[in-house]
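Observations on chain architecture
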Amino acid sequence: MQAAIAEAGEEALARLPDLRVRTDAESVAAFRRAAFLEEEAGAGAPGSEIPVTYPFCWLTLPEVRPTLRRMIGPGGVLPVHEAQSFSYQRPLALDAEYRLDLQFKRSSAPERLTVSGAVTTLAHEPCAAFETVLRLVATAAGADHAP
Amino acid sequence: MSLPPGAPVGDGPKIGDSIGKTEFGPVRAEDLARYALASGDDNPLHLDAGVAAAAGLKAPPIHGMLMMSCFEPALRRWRPDLVIARISAKFLRPVPVGDSIVISGRIVRATSGPEAELLLRLMAHGSNGDLAVLAEATLAPASRQAEL
């Protein structure tokens with residue numbers, strides 16, 4: 001999906017509206033194991049709750065990465081994860097499909113990229129929101145390190 | 001209804017109560033590779049010592065999101081009847097691969113009644129004691145979220 005990018009003063013904006021994202025059981029189970037959630041769950045059956053931080057994965061989807069990279073800018077910039085938040089109106093269900101709206105805002109002094117996400121059901125009921133703040137640090141190495 | 005510091009919240013937790021400490025790790029390179037695969041965050045900074053060195057780091061840092069993710073199992077261990085309704089975190093310092101992540105926190109605000117919630121200040125420290133992540137989380141009864 002091609003995001004429209006608009007320049008507004010020192011800020012650049014882009015939006016990826018109405019993406020379809022899923023909470024596939026296999027993907028969620030792998031994430032739970034990687035995020036140490038199964039260690040605390042004990043020896044019982046693996047948990048099926050969607051981890052609170054799971055929606056961050058959707059920023060690495062193939063339809064999102066190009067916009068993320070474009071908003072970070074050309075080589076020579078190291079994105080440093082500065083802050084992150086998640087807010088839930090209702091829990092996400094396993095093996096379900098959701099709508100995801102992403103908004104990217106690039107700001108300067110200091111250089112930052114803020115990505116805001118809103119997750120709703122297919123019937124547009126609000127479920128969750130999240131915000132990712134990346135500080136964009138110039139490097140001599142010309143790194144290309146977007147998530 | 002907000003309660004003053006030290007006030008009891010029914011028979012439950014009090015403002016200032018600790019959630020205890022939960023340690024995850026030591027976090028090995030294979031843990032970072034597993035998290036990169038599961039999350040999609042394959043930033044080579046976390047996976048390649050050469051890239052980390054070029055960025056001025058002695059070793060690849062643990063993903064900030066992996067450290068943030070550790071709050072959830074720590075809170076679940078403390079109060080399995082509560083879920084995270086909101087959480088926000090600031091990533092303050094990198095923690096190198098090979099270190100453990102130690103999660104701790106305290107209740108800073110509590111509300112009672114049908115909209116009962118706990119606000120916690122949470123911390124993730126590396127093995128050397130440096131504060132790596134500072135966070136706040138609002139916890140609500142799991143039963144209430146399930147009703148929505």
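Residues numbered from 1 in each chain as written. Chains lettered and ligands numbered in written order. Predicted model: local features only at pLDDT ≥ 70, side-chain atom pairs only at ≥ 80, totals over all residues. Heavy atoms only, no water.

Per an unreviewed UniProt entry, the recorded name for chain B is MaoC-like domain-containing protein, and the organism is Methylocella silvestris.

Going by what an unreviewed UniProt entry lists, chain A is known as N-terminal of MaoC-like dehydratase domain-containing protein and is assigned to Methylocella silvestris.

Overall, the coordinates contain 18 salt bridges over all chains when judged by the stated rule. Its salt-bridge partner being Asp 18 of chain A, residue Arg 20 of chain A comes within 2.9 Å of it at the nearest N-O pair. For Arg 20 of chain A, a relative accessible area of 36% puts it in the partly exposed group. Asp 18 of chain A sits in the partly exposed class, given a relative accessible area of 34%. Across the pair Glu 117 of chain B and Arg 86 of chain B runs a salt bridge whose closest N-O atoms are separated by 3.2 Å. In this pair, Glu 117 of chain B is assigned in strand E4 (residues 117-125) and Arg 86 of chain B in strand E2 (residues 82-91), connecting sequence segments 31 residues apart. (Salt bridge = Lys/Arg side-chain N within 4 Å of Asp/Glu carboxyl O. Buried < 20%, exposed > 50% of the residue type's maximum accessible area, 1.4 Å probe, protein only. Helix = DSSP H or I, 4+ residues; strand = E, 2+ residues; numbered from the N terminus.)

Residue and element names in this part refer to chain A. Tracing the backbone shows Asp 101 in strand E4 (residues 97-107). Sequence-wise, Asp 101 and Ser 116 are 15 residues apart; in three dimensions their C-alpha atoms are separated by 8.1 Å. With residues up to four places along the chain from it excluded, the contact list for Asp 101 reads Arg 15, Leu 16, Pro 17, Asp 18, Ser 116, Gly 117 and Ala 118. A polar contact of 2.7 Å, which involves the side chain of Asp 101, links it to the side chain of Arg 15. A polar contact of 2.7 Å, which involves the side chain of Asp 101, links it to the backbone nitrogen of Asp 18. (Contact = heavy atoms within 4.5 Å. Polar contact = N/O pair within 3.5 Å; in protein donor to acceptor, adjacent residues only side chain to side chain.)

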